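# What the coordinates show
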Amino acid sequence: IVCTLPATAAWVPPASWLSRWLPVAFDVAYRPAVTPFLAAASAAGCRTVGGAHMLLHQGLAQWSLWCCGGGGGSGGAADLEEGALCLRGVPVAPM
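This structure is a prediction, so every number in the text was calculated from the model and none was measured.

As a further point, take the packing of aromatic side chains. What the rule picks out here adds up to two aromatic pairs. With a centroid separation of 5.8 Å and 25 degrees between ring planes, the pair formed by W11 and F37 is classed as stacked. With W11 in the loop between strand 1 (2-3) and helix 1 (15-21) and F37 in helix 2 (residues 36-43), the pair connects residues that are 26 residues apart, well separated along the chain.

Listed below in structure tokens is the structure:
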């Protein structure tokens, strides 16, 4: 289940959705780190992914596209290092 509502909406899915299927719960809100949605999903035994995690990985992917010409990098540490070199004007071999 993906929740795109602001944390202030305090929405939680029906308990039957959580207990029946034990879905992975994604929340795009990152403040607070644990929203009512994530708290309910976690209490039901679901795996949860908070908005800060999603924001980080989205940012890494965008960084790779912007700094490295969309080389299809994984968005990991190597991509960040390559991006930093690009910003400093150091030539980087294409992937």
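More follows now that the structure is in view.
The next subject is the side chain of T35. Assignment of secondary structure puts T35 in the loop between strand 2 (25-27) and helix 2. Other than its neighbours up to four places away in sequence, T35 contacts A7, D27 and A29.

Turning our eyes to something else, we now look at the environment of P32. Note on placement: P32 falls in the loop between strand 2 and helix 2. Owing to a relative accessible area of 44%, P32 belongs among the partly exposed residues under this scheme. As a C-alpha pair, P32 and G51 span 19 residues in sequence and 9.3 Å in three-dimensional space.

All right, on to the sheet that holds strand 3 (residues 48-49) then. Strand order in the open sheet formed by three strands is 1-2-3, and the pairing between neighbours is parallel. Two strands lie at the open edges of the sheet, namely strand 1 and strand 3, each paired on one side alone. The sheet contacts of helix 2 involve strand 1, strand 2 and strand 3, and relative to strand 2 the element is tilted by about 165 degrees.

A cluster of nonpolar side chains, namely L5, W11, W17 and W21, defines an oily patch on the protein surface of about 420 Å² accessible area. With respect to the helices and strands, W21 occurs in helix 1.

Attention now goes to helix 2. Considered for burial, the residues of helix 2 that qualify are F37, L38 and A41. Taken end-on, helix 2 shows its buried residues confined to a sector of 90 degrees, consistent with a single buried face. Buried residues in helix 2 make contact with strand 1, helix 1, strand 2 and strand 3. After helix 2 finishes, the residue G45 shows a positive phi value of roughly 95 degrees.

The rules we used
Residues numbered from 1 in each chain as written. Predicted model: local features only at pLDDT ≥ 70, side-chain atom pairs only at ≥ 80, totals over all residues. Heavy atoms only, no water. Phe/Tyr/Trp six-rings, centres within 6.5 Å; stacked < 30°, edge-to-face > 60°. Helix = DSSP H or I, 4+ residues; strand = E, 2+ residues; numbered from the N terminus. Contact = heavy atoms within 4.5 Å. Buried < 20%, exposed > 50% of the residue type's maximum accessible area, 1.4 Å probe, protein only. Pairing = 2+ DSSP bridges. Axes fitted to C-alpha atoms, helices over the stretch in contact; angles between N-to-C directions. Patch = residues over 30% accessible without salt bridge, like charges linked within 9 Å, V, L, I, M, F, W, Y side chains within 5 Å. Areas by Shrake-Rupley, 256 points an atom, 1.4 Å probe, with all protein chains shown as cover. Salt bridge = Lys/Arg side-chain N within 4 Å of Asp/Glu carboxyl O. Arc of directions from axis to C-beta.

Without other data, these values stay purely geometric and don't point to any function.
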